[in-house]
Amino acid sequence: MHAIPGILLVALLGLSTSAFAAGGNVVASIGARYLDRNEWGPVEDQGQIGVLADLRIGPGPFYLAGGIQISGRERSVSGGSDTGSVVDFSLGMKFMPARGQVRPYVGAGIASVGAAYEVENDYGPDDDDNDGSLGYYYGIGVLVRFGQFNVGADVRRIAGTDLELFGRSTDADSTVVSALFGWNWGE
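All chains use their own residue numbering, which begins from 1 and follows the written sequence. In view of the model being predicted, local features appear only for residues whose pLDDT reaches at least 70, and side-chain atom pairs are presented and counted only at 80 or more, with totals across whole chains, interfaces and linings using the full set of residues. To get the side-chain values, take all heavy atoms of the structure and skip hydrogens and water.

(A) Looking closely at the nonpolar core. In plain words, nonpolar cores are sets of buried Ala, Val, Leu, Ile, Met, Phe, Trp, Tyr and Cys residues tied together by side-chain atoms within 4.5 Å. Here the term buried applies to any residue with accessible area under 20% of the maximum for its type, exposed to any over 50%, and partly exposed to those in between, with areas from a 1.4 Å probe on protein chains only. One finds W40, V86, V113, A115, I158 and A172 to be the most contacted residues of the largest nonpolar core, which totals 15 residues. Helix and strand definitions here come from DSSP, where helices need a minimum of 4 consecutive H or I residues and strands a minimum of 2 consecutive E residues; each element is numbered from the N-terminal end. Per-element tally for this core: the top contributor is strand β5 (residues 102-121), with four residues. Counting residues in each nonpolar core, the second largest holds seven residues, with L52, Y63, Y105 and L180 among its members.

Written out as structure tokens, the structure reads:
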């Protein structure tokens, strides 16, 4: 699970010379993560930020894609507060044909997810737990190019995760909806 960020970094750095020649995109993502209410209530809807990047592979519309997205929420409850947070690292492939300035895409790959939950109790001891899991993601989106700058949107589903928090089997399966802002290079 913890090897995914290292693999992503090595892949991006190892392909750096050809990647800059081939083209790609780096964007900030800002939006929301929606977790299952039964598993994560009352902190199931979380604010999200992240970075997504892709590198074109050859002359076609195929890209190596990777990213990191972090989300969290704190909510007051009777007698204290609950805090939930999730981080996901993704590595996959993206099909993104050029349609002038508009670049619609579909993508899928593996996701490494870490999740934490903290309960602050005004009347007793606090409690927290965390766990991690491998899963997968799939999604759609669009980038619109304005010269070297991009704006767009990304919707992805992260699924297949399996966690144990506070001795209970759960997951961090979620839908992540993001606005994208960044830059591009190459074709």
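(B) Up close: the side chain of D154. Along the chain, the position of D154 falls in strand β7 (residues 149-159). For D154, a relative accessible area of 2% translates into the label buried. Engagement of the side chain of D154 in a polar contact is seen with the side chain of R156, the distance being 2.9 Å. It only takes one pair of heavy atoms within 4.5 Å for two residues to be counted as in contact. Not counting chain neighbours up to four residues away, the residues in contact with D154 comprise L52, Y105, I140, G141, V176, V177, S178 and L180. Any pair of nitrogen or oxygen atoms within 3.5 Å is treated as a polar contact; in protein, a donor-acceptor pairing is required on top of that, and neighbouring residues in sequence qualify only through side-chain atoms on both sides.

(C) Here's a closer look at the environment of Y138. With respect to the element layout, Y138 can be found in strand β6 (residues 127-146). Residue Y138 is classed as partly exposed on the basis of its relative accessible area, which comes to 43%. For Y138 and G109, which are 29 residues apart along the polypeptide, the C-alpha to C-alpha distance reads 6.6 Å. In this view, Y138 contacts G107, A108, V155, R156 and R157; residues no more than four positions away in its chain are not counted.

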